[in-house]
Amino acid sequence: MAEKDTGHMSSSIIRIEDVTKVFHSRKGNVEAVRGFSLDVHKGEVVTLVGSSGCGKTTILNMVAGFIRPTSGTVFLEDSPINKIEPRCGMIFQSYALFPWLTVKENVEFGPRINGIPGIKRNDEAGRYIDMVGLEGFEDSYPGELSGGMRQRVALCRALANEPDILLCDEPFAALDAMTRQVMQQELLQIVGRSGQTVLFITHSIDEALVLSDRVVVMSARPGQVKDKFKIDLPHPRKVDIQLTDDFLALKRNIWDLVEEEVRASMKI
Ligand SMILES: Nc1ncnc2c1ncn2[C@@H]1O[C@H](COP(=O)(O)OP(=O)(O)O)[C@@H](O)[C@H]1O
Ligand SMILES: [Mg+2]
């Protein structure tokens, strides 16, 4: 089911065009990403999978505008990204919450910075907090919550900014297996309703298959596109989809490719 390259589509919201990134450090130069191209269409969930160190975070950081490509261009709609991009919200693996602010204050932080008036801010924060099942915890501090609850707050905080694009860097990696599956379902529901575009990174092929419209397998560093898969599994994708023949066939296929690259990166 490898995907045909459809070339430029007018509905692309993110266009990564022949991007290479070389880091210069005291130890020398590291080519993290080489000649990487990818179009992400509006409303799509696209996931990058690949071995550790293959350049996934580097790609996300270039889309967010945190760092610049060494060559090539990342476009948001038709404009090259050359500063931190306010239309992108980022969710990291570590929760990145402010420990001295309550749940509600954390969620309201972005809208407050953006000058959203108090009442509107309050309503919206409440709505997101309810949506992820944290009603009753508005005034708790992150230190009083479990890992799963903290990651839900982090998700709320990213969503409260209403970004057109959600960039997710292994956000569920630290969660236990059951919490992780619940979070995947919540994310799918939220972005399904809002029509947001998601660029997601995970080590888990299961997670990639549950969440994605397309999966991009990256080669070992320097990260290139090794293959792309269109995931035509039906929605809603509940946990039991992982037992279907179609799911397992895709999983085997993607795993074989990832395994080759993990071995290449370990030189075994
Ligand atoms: N700021 C940096 N300076 C030097 N090397 C970096 C920097 N950021 C990432 N790298 C290197 O680039 C490669 C890709 O890193 P990264 O994008 O974090 O990989 P991944 O997220 O796929 O695990 C790694 O070899 C990493 O050590
Ligand atoms: Mg990473």
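Residues numbered from 1 in each chain as written. Chains lettered and ligands numbered in written order. Predicted model: local features only at pLDDT ≥ 70, side-chain atom pairs only at ≥ 80, totals over all residues.

Chemist: Go over the overall build of the protein, please, and point to the residues and values.
Modeler: The secondary structure content of the protein amounts to 7 helices and 10 strands. Expected size for 268 residues packed as a compact globule is a radius of gyration near 18 Å; at 19 Å, the protein falls within 12% of this value. If you line up the protein on its principal axes, its C-alpha atoms span 50 × 45 × 40 Å. Looking at the protein residue by residue over its 268 residues, the buried ones come to 37%. In the protein, the share of contacts with a sequence separation of at least 24, taken over all contacts with a separation of at least 6, comes to 72%. (Helix = DSSP H or I, 4+ residues; strand = E, 2+ residues; numbered from the N terminus. Rg over C-alpha atoms; globule rule 2.2 N^0.38 Å. Buried ≥ 20, exposed ≤ 12 C-beta atoms within 10 Å, placed from the backbone. Contact = placed C-beta atoms within 7 Å.)

Chemist: For the site of ligand 1, give the residues involved together with the corresponding values.
Modeler: Every residue lining ligand 1 is accounted for by Phe23, Ser25, Val30, Ala32, Ser52, Gly53, Cys54, Gly55, Lys56, Thr57, Thr58 and Arg221. Contributing elements (two or more residues each) for the shell around ligand 1: strand S1 (12–25), strand S2 (28–41) and helix H1 (56–64). A total of 3 residues in the shell around ligand 1 trace back to one element, the largest contributor, which is H1. When its residues are assigned to classes, the shell around ligand 1 shows 4 nonpolar, 6 polar and 2 charged. (Near = placed C-beta within 6 Å. Nonpolar A, V, L, I, M, F, W, Y, C, P; charged D, E, K, R; others polar.)

Chemist: Describe unusual backbone geometry, with residues and values.
Modeler: Looking along the chain, the bond that leaves Arg221 and enters Pro222 is cis, with omega of -5 degrees. Here the amide bond leading from His235 into Pro236 is cis, since omega sits at -5 degrees, within 30 degrees of zero. Its place among the elements puts Pro236 in the loop between strand S10 (225–230) and helix H7 (245–266). The backbone of Asp18 sits at a positive phi, close to 50 degrees, despite the residue not being glycine. Inspection of the secondary structure assignment puts Asp18 in strand S1. Asp18 sits in the exposed class, given 12 other C-beta atoms within 10 Å. One non-glycine residue with positive phi stands out, namely Glu77, at about 50 degrees.

Chemist: Outline the confidence of the model for the protein, supporting the account with residue identities and numerical values.
Modeler: Of the residues in the protein, 96% reach a pLDDT of 70 or more, and the chain-wide mean stands at 91. For the stretch residues 4–9, pLDDT sits under 50, and the model shows 3 contacts to residues farther than four places along the chain or on other chains. (pLDDT = per-residue confidence, 0-100.)

Chemist: Before we move on, can you summarise helix H3 (residues 118–131) with the specific residues and values?
Modeler: Because the α-helix completes a turn every 3.6 residues, residues three or four places apart line up on one side. The end-to-end C-alpha distance of H3, which contains 14 residues, comes to 20 Å, matching closely the 20 Å that a straight helix rising 1.5 Å per residue would cover. By the burial criterion, the buried members of H3 are Arg121, Ala125, Tyr128 and Ile129. Angularly, the buried residues of H3 cover 100 degrees about the axis, an arc narrow enough to put them on a single face. Away from the buried face of H3 by more than 90 degrees, exposed residues Ile119, Lys120 and Asp123 are located. (Expected span 1.5 Å × (residues − 1). Arc of directions from axis to C-beta.)

Chemist: Any details on the domain arrangement of the protein? Residues and values, ideally.
Modeler: Split into domains, the protein comes out as domain 1 (1–87 + 165–268) and domain 2 (97–162). If you look at the interface, domain 1 gives 10 residues, while domain 2 gives 9 residues. Top element by residues in the side of domain 1 that touches domain 2 is helix H5 (residues 177–194). It accounts for 5 residues. For the side of domain 1 that touches domain 2, the per-class residue count stands at 8 nonpolar, 1 polar and 1 charged. (Domains from an automatic or database assignment.)

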